[in-house]
Amino acid sequence: MILFVLLSALSTLLSSLETNILQSDFSLSIQEQGQAPLTTPGKVTMQGESFIGQSRGYEVAYDGATFYLYDPDADELMLSKPRKETLMESNPLLFVKYMQEVCTIRETTSKDGTITVTMVPQGVPMETAHVILKIKKEMPSFVEIKESKRITTLRLKNPHYISTAPAFKISKPGVYINDLR
């Protein structure tokens, strides 16, 4: 007997992000209730839960065990063993991965082929009202996380897969190392 399994666009994307190395420029916008959004550009490379990125001079990375945060103003590299919440706040695509377990998920396809995944938390008390993910040509292009007092929007620009993974670590010789592990 042959068993066919129809994977959702979300499952397919998350599976692809486990094995492939995604790289993209991005703009990240955070809008607190009643305020204008603060938008910053950056760059990210990720595979599975590991990632390395930079924005506004700050650099962050996670290699699967250690979370790295470089603050250029303090010339400090902080190393820590992150909580799940820290990882989700640092990488909206990881937030999407974790949210799939507690959400009702609906997928719709527009005329141009963009798939919109709408995730609404069910059965658990959360500040998150919904998560919207847009997938274009099998690549993530947009993530919106709407909370009670904040909207976080990630727009990926030219996302593509690369063949060689970076170390997913940050090394800054001569800076102050604050090791909290």
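What you see is a predicted model; the values in this text were computed from it and never measured. Note on numbering: residues in each chain are counted from 1, in written sequence order. Under the rules for a predicted model, residues below a pLDDT of 70 receive no local features and side-chain atom pairs below 80 are neither given nor counted, while totals for whole chains, interfaces and linings still include all residues. The side-chain values count all of the structure's non-hydrogen atoms but skip hydrogen atoms and water molecules.

Asks: Whenever I open this one, the overall build of the protein confuses me. Can you help?
Replies: For the protein, the helix and strand inventory stands at three helices and twelve strands. For this measure, only C-alpha atoms enter the radius of gyration; the expected value for a globule follows 2.2 Å times N^0.38, where N is the number of residues. The C-alpha radius of gyration of the protein comes to 17 Å, within 12% of the 16 Å expected for a compact globule of 181 residues. Projected onto its principal axes, the C-alpha positions of the protein cover 60 × 45 × 30 Å. Relative to all contacts within the protein whose residues are 6 or more apart in sequence, the contacts with residues 24 or more apart total 46%. Charged residues are defined here as Lys and Arg on the positive side and Asp and Glu on the negative side; His and the ends of the chain fall outside this count. A charged residue contributes its charge at one atom only: NZ of Lys, CZ of Arg, CG of Asp or CD of Glu. In the protein, 19 side chains carry a positive charge and 20 a negative one; their mean positions are 6 Å apart. Each helix corresponds to a stretch of at least 4 residues labelled H or I by DSSP, and each strand to a stretch of at least 2 residues labelled E; elements are numbered beginning at the N terminus. Any pair of residues with heavy atoms lying within 4.5 Å of one another is described as a contacting pair.

Asks: Please clarify how empty space enclosed by the protein should be interpreted in this entry.
Replies: Where empty space is left in the structure can be found by rolling a water-sized probe over the atoms. A 1.4 Å probe that fits but cannot get out identifies a cavity on a 1 Å grid over protein atoms alone, an open set with protein on both sides within 12 Å along at least five of seven lines counts as a pocket, and a residue lines either if it has an atom within 4 Å of a point. Grid points are joined across faces, edges and corners, and a volume is the space filled by probe spheres set on the points. By the definition in use, this model includes one cavity of 30 Å³ or more. The space that makes up the largest cavity amounts to roughly 50 Å³. If you trace the largest cavity, you find it lined by Leu14, Leu17, Glu18, Met46, Gly48, Leu93, Leu94 and Lys97. Lys, Arg, Asp and Glu make up the charged group, whereas Ala, Val, Leu, Ile, Met, Phe, Trp, Tyr, Cys and Pro make up the nonpolar group; the residues left over, Gly among them, are polar. Of the residues in the lining of the largest cavity, the class split is five nonpolar, one polar and two charged.

Asks: How do you make sense of the pairing of strand S5 (residues 67-71) when you look at a structure like this?
Replies: A regular strand places its side chains on the two faces of the sheet in alternate fashion. As paired elements, strand S4 (residues 58-62) and S5 share four bridges and run antiparallel to each other. Looking across to S5, one finds that Glu59 is bridged to Tyr70. Only when DSSP finds a minimum of two bridges between them are two strands counted as paired. Where S4 hands over to S5, the hairpin turn is made up of four residues, of which Gly64 adopts a positive phi near 105°. Where S5 meets strand S6 (residues 76-80), five bridges bridge the pair, whose relative direction is antiparallel. Bridge pairing in S6 links Tyr70 to Leu77. If you look at the hairpin formed by S5 and S6, you'll find four residues sitting between the two strands, and Asp75 has a positive phi there, around 50°.

Asks: Is there a simple way to explain the nonpolar core in this structure?
Replies: Among soluble globular proteins, nonpolar side chains are generally buried collectively. Of all hydrophobic cores here, the largest spans 33 residues; its most connected members are Phe51, Met119, Val131, Leu133 and Val143. The element that contributes the greatest number of residues to this core is helix H3 (residues 92-99), accounting for six residues. Discounting residues that sit within four places of it in the chain, Met119 has contacts with Leu10, Val96, Met99, Gln100, Cys103, Thr104, Ile105, His130 and Val131. Grouping buried Ala, Val, Leu, Ile, Met, Phe, Trp, Tyr and Cys residues that are joined through side-chain atoms within 4.5 Å yields what is termed a nonpolar core. Only protein chains enter the calculation, and the probe is 1.4 Å; a residue is then buried if its accessible area is under 20% of its type maximum, exposed if over 50%, and partly exposed in between. Formed by seven residues, the second largest nonpolar core is a distinct cluster that contains Ala61, Tyr70, Ile170 and Val175.

Asks: Before we go on, may I ask you to explain H3 in this structure?
Replies: Owing to its 3.6 residues per turn, the α-helix aligns residues three or four sequence positions apart on the same side. Across the eight residues that make up H3, a large majority, eight, are buried. Buried within H3 we find Pro92, Leu93, Leu94, Phe95, Val96, Lys97, Tyr98 and Met99. One side-chain oxygen at the N-terminal end of H3 lies 3.0 Å from the backbone nitrogen of Leu93; it belongs to Asn91. By the criterion applied in these results, polar contacts are pairs of N or O atoms within 3.5 Å in which, for protein atoms, one can donate a hydrogen and the other can accept it, and in which residues neighboring in sequence qualify only through two side-chain atoms.

Asks: Is there a simple way to explain the side chain of Ser50 in this structure?
Replies: With respect to the helices, strands and loops of the structure, Ser50 is situated in strand S3 (residues 50-55). For Ser50, a relative accessible area of 13% corresponds to the buried category.

Note that every value here comes from positions in space, so none of it alone points to a role or purpose.
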